[in-house]
Amino acid sequence: MANAKDDKLADYRQKRDFRKTAEPSGQSAPSGGDKPIFVVHKHDASRLHYDLRLQIGDTLASWAVPKGPSLDPAQKRLAVHVEDHPLDYADFEGTIPENEYGGGTVMVWDCGTVKFKEEGKTPQQWLDEGHIEFELNGVKLKGQWVLIQTRMRGEAKNWLLRKRSGPHASDRGDVLADQPDSVKTGRSMEQIAAGAKPSAG
Ligand code: MN
């Protein structure tokens, strides 16, 4: 009974053993708000990186951003296109066992809604064309952003993430260092790794 969503998640599921990891398998129905969502996971795997995930249809299109997003439009950040994740992954915060795929600590660093530029195209068409213009409405990330496929070193998976100029752009400070903790639970990476309970409120 394969459907489009299962096809898009085949790579995600193939990489993981759901008897060993607490990550969702994507079997449950999506929560289904009317606006597409985004999440940025801070992921301390073999190397610390940030995973940007944008809801396109019924999965989360995903990019691993080694240096994380910058609010400075002059900063282009490498964004490596990786496998789609299930929608319920957006809430995932915790630890992945050491020897499993992506083993390490995962934090919900930011989340909110995403609005794709239209111009007569669907988000899937923007993705397929390797150029996505979008607006984020999160806690830490807001305003206009762009993802462009560069095919650097002949690799189709290599894209660049950049902030567009505007009221939410800034060339001062570093949003990663200034706001390091979870927007979901307020916890630090160390507290998540130690399995600390989320603080109330
Ligand atoms: Mn990751």
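Residues numbered from 1 in each chain as written. Predicted model: local features only at pLDDT ≥ 70, side-chain atom pairs only at ≥ 80, totals over all residues. Heavy atoms only, no water.

Draft legend 1. Examining the layout of surface pockets more closely. As a volume, the largest pocket reaches approximately 400 Å³. Lining the largest pocket are 19 residues, with His 43, Arg 47, His 49, Asp 51 and Ala 64 sitting closest to its centre. At four residues, strand 2 (residues 48-56) tops the list of elements feeding residues into the lining of the largest pocket. Looking at the lining of the largest pocket residue by residue, the classes come out as eight nonpolar, five polar and six charged. (1 Å grid on protein atoms, 1.4 Å probe; cavity = no way out; pocket = protein on both sides within 12 Å on 5 of 7 lines; lining within 4 Å. Points joined across faces, edges and corners; volume = space filled by probe spheres on them. Helix = DSSP H or I, 4+ residues; strand = E, 2+ residues; numbered from the N terminus. Nonpolar A, V, L, I, M, F, W, Y, C, P; charged D, E, K, R; others polar.)

Draft legend 2. The nonpolar core, seen in detail. Counting residues in hydrophobic clusters, the biggest one holds 29 residues, and the most contacted among them are Leu 52, Leu 54, Trp 63, Ile 132, Phe 134 and Leu 147. Counting eleven residues, the second largest nonpolar core, distinct from the first, contains Leu 60, Ala 90, Val 106 and Val 108. (Core = buried A, V, L, I, M, F, W, Y, C linked by side-chain atoms within 4.5 Å. Buried < 20%, exposed > 50% of the residue type's maximum accessible area, 1.4 Å probe, protein only.)

Draft legend 3. How the structure looks around unusual backbone geometry. Even without being glycine, Glu 119 reaches a positive phi, approximately 45°. The topology assignment puts Glu 119 in the loop between strand 6 (104-116) and helix 2 (123-129).

Draft legend 4. Seen up close, the environment of Pro 97. With respect to the element layout, Pro 97 can be found in the loop between strand 5 (94-96) and strand 6. Among all residues touching Pro 97, those that are not within four sequence positions of it are Lys 20, Thr 21 and Gly 103. (Contact = heavy atoms within 4.5 Å.)

Draft legend 5. Seen up close, the packing of aromatic side chains. In the structure shown here, the tally under the stated rule is five aromatic pairs. Between Tyr 12 and Phe 18, the aromatic rings sit 6.0 Å apart at their centres with planes inclined by 35°, giving tilted as the arrangement. Taking the centre distance of 5.4 Å and the plane angle of 40° together, the rings of Tyr 89 and Phe 92 count as tilted. Overall, the relative accessible area of 9% leaves Phe 92 in the buried class. Here the aromatic cluster, defined as three or more aromatic residues joined through ring pairs, consists of Tyr 12, Phe 18, Tyr 89 and Phe 92. In this structure, Lys 121 packs its charged tip against the face of Trp 126, placed 4.3 Å from the ring centre. (Phe/Tyr/Trp six-rings, centres within 6.5 Å; stacked < 30°, edge-to-face > 60°. Lys NZ or Arg CZ within 6 Å of the ring centre and 35° of its normal.)

Draft legend 6. Structural detail: the pattern of salt bridges. If you walk through the whole model with that rule in mind, you get ten salt bridges. Across the salt bridge formed by Asp 17 and Arg 19, the nearest N and O atoms sit 3.1 Å from each other. Judged by its relative accessible area of 17%, Asp 17 falls in the buried class. (Salt bridge = Lys/Arg side-chain N within 4 Å of Asp/Glu carboxyl O.)

Draft legend 7. Region of interest: the pairing of strand 4 (residues 77-86). Counting buried positions over the ten residues of strand 4 gives seven, a clear majority of the element. Here strand 3 (residues 59-65) pairs with strand 4 via five bridges, running antiparallel. Bridge assignment links Trp 63 to a residue of strand 4, and that residue is His 81. As paired strands, strand 4 and strand 9 (residues 158-163) are joined by four bridges and run antiparallel to one another. (Pairing = 2+ DSSP bridges.)

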